[in-house]
Amino acid sequence: MIATDIKQFRHTERDIDPIFLNRWSPRSFLEKEVDDDVLMNIFEAARWAPSAMNIQPWRFIIARTKEDKEKFHSFIMDGNRIWCEKAPVLALIISDKEDNAHAFDAGASWGYLSLQAAKLGVATHAMGGFYKDKAREVLNIPDEFDIQALVAIGYQGDKESLDEKLQEREQPSDRRPLTESLFEGTFE
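Residues numbered from 1 in each chain as written. Predicted model: local features only at pLDDT ≥ 70, side-chain atom pairs only at ≥ 80, totals over all residues. Heavy atoms only, no water.

- The protein appears in an unreviewed UniProt entry as Nitroreductase from Lentibacillus persicus.
- A UniProt comment under Sequence similarities (unreviewed entry) is attached to the protein, and it reads "Belongs to the nitroreductase family." (UniProt positions renumbered as here; feature names shortened; annotations may be inferred.)

## Digging into unusual backbone geometry
Piece 1. Unusually for a residue other than glycine, Met 53 sits at a positive phi of about 55°.
Piece 2. Considering the arrangement of structural elements, one finds Met 53 in the loop between α3 (36-47) and β1 (58-63).
Piece 3. Classification of Met 53 as exposed rests on a relative accessible area of 67%.
Piece 4. Positive phi values are uncommon outside glycine, yet Asn 54 reaches one of about 55°.
Piece 5. Along the polypeptide, Asn 54 turns up in the loop between α3 and β1.
Piece 6. A residue is classified by how much of its surface remains accessible, and Asn 54, at 54% relative accessible area, is exposed. (Helix = DSSP H or I, 4+ residues; strand = E, 2+ residues; numbered from the N terminus. Buried < 20%, exposed > 50% of the residue type's maximum accessible area, 1.4 Å probe, protein only.)

## A closer look at helix α6 (residues 102-119)
Piece 1. An ideal rise of 1.5 Å per residue puts 26 Å on 18 residues; α6 measures up with 26 Å between its terminal C-alpha atoms.
Piece 2. Listed as buried for α6 are His 102, Asp 105, Ala 106, Ser 109, Trp 110, Leu 113, Ser 114, Gln 116 and Ala 117.
Piece 3. Lining the buried residues of α6 we find α3, β1, β2 (89-96), β3 (123-127) and β4 (145-154).
Piece 4. The first or second residue beyond α6 is Gly 121, which carries a positive phi of 80°. (Expected span 1.5 Å × (residues − 1). Contact = heavy atoms within 4.5 Å.)

And the structure:
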């Protein structure tokens, strides 16, 4: 069932599972821990994403302690850090460059992670607004890994806890029509 507060923002052209509509990327998080079993269940789903030649190139570096989150905060751009500091878990997605499909496969793993989180009532918000070179240095990431995205994981908070500018953006977004994304035979 599509959540009541989501219906006003998201509309499908075809019938799909409600989990795809109910999952969105909020910026407001409660300062509430994610239980270990719930968190590992989310990463277990990510583990089962498809990958070329079963290489499974994705890796996740997570921060849950105050000390580890402060390390992560050092490379997150101010516009993202301001809202993701309350998230109880931060996860950096990296991928082994062994295969040229590594970024695609890491994206599939992120998709599985986000859907499993939504199923468990946990919010996720992936972001690219961070300094990759600094993340590599701070987290000691070897050169054979590409840095893909940073994800805030936690329980959705109240948008009133955000500053006024972010409150305006704190709602699910719709998508462009399928006809603008799907082409048959050739790109036009």
